[in-house]
Every structure is written in structure tokens, then in C-alpha cells.
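Fold and contact review
Okay, here's what each chain looks like letter by letter:
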Amino acid sequence: MSSRRRFLHQAAVSALAFSFVPLLSPARSRHTAPVLRVAIMGLGSYGTRVADAMLGCTRARLTGLISGTPAKLQAWRAKYTIPEKNCYNYQTFDQIKNNPDIDAVYVITPNALHHDQVIRVAAAGKHVICEKPMALNPTQAQEMIDACRKANVKLLVGYRMHFEPHTLEVIRQRQHGAFGKILFFQGLSGFRIGDPSQWRLNPQLSGGGSMMDIGIYSVNGARYMIGEDPIWVTAQETKTDPVRFKPGIEETIQFQMGFPGGAVASCLSTYNLNFLDKFFLDGADGFAELQPATNYGPIQGRTDKGPLNQPVVTHQTVQMDQMAGILLDGATPVVPVDGQEALKDLKIIEAIYAAAKTGNKVPVQL
Ligand code: NAD
């Protein structure tokens, strides 16, 4: 990015970050607010996206790195100006405990590693941000929550859509009754997965197939769009390519969820179809539609009253600025991004897997 483009980008993002401050509770001047100093663990594709987005943050800054690949550490150190003393590998990162330059660690590694890594970060006395899915199952997630509580550190999960302006506008309108009684939600989450050797297709590292990776957006989205948690699920699995999608890696799951207010959700999670990224919320008095609903944007949407014209933001920039407010100021987001929120999604996914296996309607208790 040229310095002029970077300046314009940062100016735009700063203006947006400022306009977002009222979403969070404490009234505090942006100019005096402390900055969250973050180490990223796992310098892969999403870690790179987060690091680049943090260049536009006003309240969060990349100050540390954790990687098993010395060459990556060297390249990232140069790119993001990180001192060597703030760099660790997977054997040494417990020493982060003694590093005053790091307030929080953002865990962006394959799903199966999150559990142990989050618990080790907590034991080192640092706040943790963990990517979704937070863990492989609810038991692991509960252990992570307990470890963070015991260590007196906060645990957040990278639910970036919880800070996205179009999404928040639909939630605001629904809370104000714009759509009337909510009756139906449709969530379509999928893409056609590439490289067959990637960890997402290895159940030991991923913990599952499309549900754990992309279907989780429809699970979580149904909850924030409807504004309730489900009480039952049903599900059906379809596998058209058993060579590519081995046992433990589901290709496509259709699932339905029932909500206490009477709404039902009908969702699709797949690794075998492109162009599936849509949320539709239907109420007695109106509707809202987001398409794309959860990709990196620009998110687009409309309601029965017309198009949604919220600002287009870099999701991870806004997310990290807002998470700084949560971790440093005790601010409260509109939709939670804590471990309990992620535990709920994992309980629902566990019920969906059980329903797909048995064909039964499975009750959900969150
Ligand atoms: P990736 O494969 O691009 O990166 C993973 C990183 O972990 C790599 O740098 C790899 O070297 C490192 N790693 C450490 N130990 C490893 C091991 N034992 N096996 C394999 N890799 C190991 O993956 P990614 O797309 O960056 O995904 C990482 C996490 O981020 C996942 O949990 C994923 O679900 C999540 N993610 C979230 C979003 C989002 O929008 N919130 C988007 C993409 C990925």
C-alpha cells in the first residue's frame, strides 16, 4: 500500500472506529485510551489478514509473534517492526508471562490446537483472543473458559461479524420491532474447498468438516439475527465425494433450529458449493437480507423498507479496536464475543452432528 493510500485508509478507518465508540458502554476519550498490545500466534493466512488490518487500528497494535517457522518470524518482524525479544515459538511462548510489551495473545492456529494454546496463554497471565471455532467440542471450551477465569484473564473469540455495521443495523432494527414477531431465518454458508492436503480436511486438526469452519457462521448468525438461542435441532448430511471428504469431515449438512419464541431456522453448511453466503430474516411485519452476510465484505443488505447503507469497514480493524475496549475498558459489545458465546455454538454444533447421525430431533440446552 502506498503511503498516501495507507494514510487515506487509516484516516477512513479511524473515522469509523470513532463512530463506533458509542456502541460500547464506557464514555472515554479516544485520544487518552490505552492501546491493546497484541501477539499473534499462528502466522498463516488469517493471521496475516488480522496483522494487516491492525495497521489501521487506533486502539490495538501488533507487538509480538509466535510461530514455529523461523523464516516467517524474520519476515514478519521486518514487515511489522517487531523486536526480536517479543518473538516466540510453540515451545517458548509460556515466557510471554515476563513480557510487559504484550497484553493479549490472538490464537489463529488450526482448530485442534486452540484448547491447549489458550490454556497456556491464560497460565502466562495474558488475555486471550481465540479464533472460531473456539475448540473441538463443548468440554474443551468449558475447560478453556475455566482456565481463563482461574488465571483472571479475559477470553474473547474472533466473531468479527458482531462488530460489522450492516449486521449491527439489522440487529438494531429487529430490537426496535421493525420486523415484528420473528418467524423464520435462513442461513446459507458454504464454499468449495481447494487443496485436499490442508488441515481443514484432516479431522485431527479441524475437528470436523464444513460445520466447524463455515456452517458455524449460520449457527451463530441465526442466534444474533433472531436474538434468541435455539432449543432443538434437526439435521441431514449429504456426502457426494467420500474420497475428498473422509470420515469425520462432513461435506454438506442441512440443519434446522427451533427457537423459544416460535421462530425456525433453516440452514445449509457445505464445502462443496460456491456463492453460498446469505442470511434472510423474516418477521410478521418485515424482512432483512444480508448477502454476502459473513465474508470479508463489502457486506450488502436490504430490508423490506430499502437498502442498508452502512459504512464499509475492514472487519478485523474494527473488531480489534472494539476488542481493545472490551479487554482494557470493560466495554460491553452489542452481541457477546466471550467464551460463553462460543461454547453455545459448540453445544449447538454437537447437537447438529448428533441429529445428523441419528435422524432424531435433538433438544439443545445452553
Ligand atoms: P492457515 O493454515 O492459513 O494458518 C494456520 C497457521 O497455523 C499456519 O501459520 C501454520 O504454520 C500454523 N500451525 C501451527 N501449528 C500447526 C500444525 N500443527 N498444523 C498446521 N498448522 C500449524 O489457517 P487459517 O485459515 O489462518 O486458520 C487459522 C484459524 O483461523 C482457524 O481456527 C480458522 O477457523 C480461523 N479463521 C477464522 C476466520 C475468520 O474470518 N474469523 C477466517 C479464516 C480462518
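Each value, and the rule that gives it
Residues numbered from 1 in each chain as written. Predicted model: local features only at pLDDT ≥ 70, side-chain atom pairs only at ≥ 80, totals over all residues. Heavy atoms only, no water. Helix = DSSP H or I, 4+ residues; strand = E, 2+ residues; numbered from the N terminus. Rg over C-alpha atoms; globule rule 2.2 N^0.38 Å. Buried < 20%, exposed > 50% of the residue type's maximum accessible area, 1.4 Å probe, protein only. Contact = heavy atoms within 4.5 Å. Areas by Shrake-Rupley, 256 points an atom, 1.4 Å probe, with all protein chains shown as cover. Lys, Arg positive; Asp, Glu negative; His and termini not counted. Charge placed at Lys NZ, Arg CZ, Asp CG, Glu CD. Salt bridge = Lys/Arg side-chain N within 4 Å of Asp/Glu carboxyl O. Near = heavy atom within 4 Å. Polar contact = N/O pair within 3.5 Å; in protein donor to acceptor, adjacent residues only side chain to side chain. Domains from an automatic or database assignment. Expected span 1.5 Å × (residues − 1). Buried area = accessible area lost by both parts, 1.4 Å probe. Pairing = 2+ DSSP bridges. Axes fitted to C-alpha atoms, helices over the stretch in contact; angles between N-to-C directions. Phe/Tyr/Trp six-rings, centres within 6.5 Å; stacked < 30°, edge-to-face > 60°. Right-handed = clockwise from strand over helix to strand, strands pointing away.

**With respect to the overall build of the protein**
In terms of helices and strands, the protein carries 10 helices and 15 strands. Relative to its length of 366 residues, the protein is compact, with a C-alpha radius of gyration of 20 Å against a globular reference of 21 Å. For the C-alpha atoms alone, the extent of the protein along its principal axes is close to 55 × 45 × 40 Å. Looking at the 366 residues of the protein, the share that counts as buried comes to 54%. If you take every contact in the protein between residues at least 6 apart in sequence, the share linking residues at least 24 apart comes to 70%. Element-wise, carbon and sulfur atoms account for 54% of the exposed surface of the protein, whose accessible area totals about 15700 Å². Of the side chains in the protein, 37 bear a positive and 30 a negative charge, and the two mean positions are spaced by 5 Å.

**So, the pattern of salt bridges**
Under the defined criterion, the tally for this structure stands at 17 salt bridges. Of the charged contacts, one joins D329 and R59 as a salt bridge, the two residues approaching to 2.6 Å between their closest N and O atoms. A residue pair is termed long-range when its members are at least 10 positions apart, and D329 in helix α9 (residues 315–329) and R59 in the loop between α2 (45–54) and β2 (60–66) qualify at 270 residues. Look at R59 and you get buried, because its relative accessible area is 9%. Two residues, K344 and D229, come together in a salt bridge whose shortest N-O distance is 2.8 Å.

**Observations regarding the site of the ligand**
If you check the shell around the ligand, you find 23 residues, and the closest are S45, N111, K132, R160 and W199. Interatomic distance of 2.8 Å between a backbone N/O atom of K132 and an oxygen atom of the ligand. Within the complex, 78% of the 840 Å² of free accessible area of the ligand lies under protein. Two domains share the shell around the ligand, each providing at least three of its residues, namely domain 1 (3–160) and domain 2 (164–311 + 339–363).

**Quick word on the environment of N360**
You can see N360 is positioned in the loop between α10 (339–358) and β15 (362–363). Judged by relative accessible area, N360 falls into the partly exposed class, the value being 44%. The contacts of N360, once residues within four sequence positions are left out, are V233, T234 and A355.

**Re α10**
Under the 1.5 Å per step criterion, the end-to-end length of α10 is 29 Å for 20 residues, consistent within 8% with the ideal 28 Å. Regarding α10, the residues found buried are G339, E341, A342, L343, D345, L346, I348, I349, A351, I352 and A355. Buried-residue contacts for α10 involve α5 (138–151), β6 (155–157), α8 (210–226), β8 (232–238), β9 (252–258) and β15. At the C-terminal side of α10, G359 shows a positive phi close to 80°.

**A look at the domain arrangement of the protein**
Assigned domains of the protein: these are domain 1 (3–160) and domain 2 (164–311 + 339–363). Between domain 1 and domain 2, the contact holds 24 residues from the first and 26 residues from the second. Summed over both sides, the interface between domain 1 and domain 2 buries roughly 2100 Å², with carbon and sulfur atoms accounting for 65% of that surface. Of all residues in domain 1, P138, Y159 and R160 bury the most surface against domain 2, accounting for 30% of the area lost on that side.

**Examining the environment of G227**
Residue position: G227 is located in the loop between α8 and β8. With residues up to four places along the chain from it excluded, the contact list for G227 reads R174 and A222.

**Topic: the sheet that holds β15**
With mixed pairing, 9 strands are arranged side by side in an open sheet as β14-β13-β12-β11-β7-β10-β9-β8-β15. Looking at strand neighbours, the two that pair on one side only are β14 (306–307) and β15, the edges of this open sheet. Along the sheet, helix α6 (residues 165–175) contacts β7 (182–190), β11 (276–283), β12 (286–290) and β13 (301–303); its crossing angle with β12, the most-contacted strand, is approximately 165°. Along the sheet, α10 makes contact with β8, β9 and β15, crossing β8 at roughly 55°.

**A short note on the packing of aromatic side chains**
In the structure shown here, the tally under the stated rule is 7 aromatic pairs. Look at F191 and Y271: their rings are 5.4 Å apart centre to centre, the planes differ by 75°, and that puts the pair in the edge-to-face class. Of this pair, F191 sits in the loop between β7 and α7 (203–206) while Y271 is found in the loop between β10 (264–270) and β11, placing the two residues 80 residues apart along the sequence. When its relative accessible area of 27% is taken as the criterion, F191 is described as partly exposed.

**A short note on the side chain of N111**
The topology assignment puts N111 in the loop between β4 (104–107) and α4 (114–123). Exposure remark for N111: the relative accessible area of 4% places this residue in the buried category. Only 3.0 Å separates the side chain of N111 from the backbone oxygen of S206, close enough to count as a polar contact. With residues up to four places along the chain from it excluded, the contact list for N111 reads K132, P133, L136, W199, L205, S206 and M212.

**Remarks on the side chain of H127**
Of note, H127 is situated in strand β5 (residues 127–130). In terms of polar contacts, H127 uses its side chain to reach the backbone amide nitrogen of K154, at 2.9 Å. Apart from the residues within four sequence positions on either side, H127 is in contact with D103, A104, V105, V121, V153, K154 and L327.

**Overview of the pairing of strand β1 (residues 36–41)**
Every regular strand shows the same layout, with side chains that alternate between the two sheet faces. In terms of residue burial, β1 counts as a mostly covered element, since 5 of its 6 residues are buried. For the crossover that starts at β1, traverses α2 and ends in the parallel β2, the hand is right-handed.

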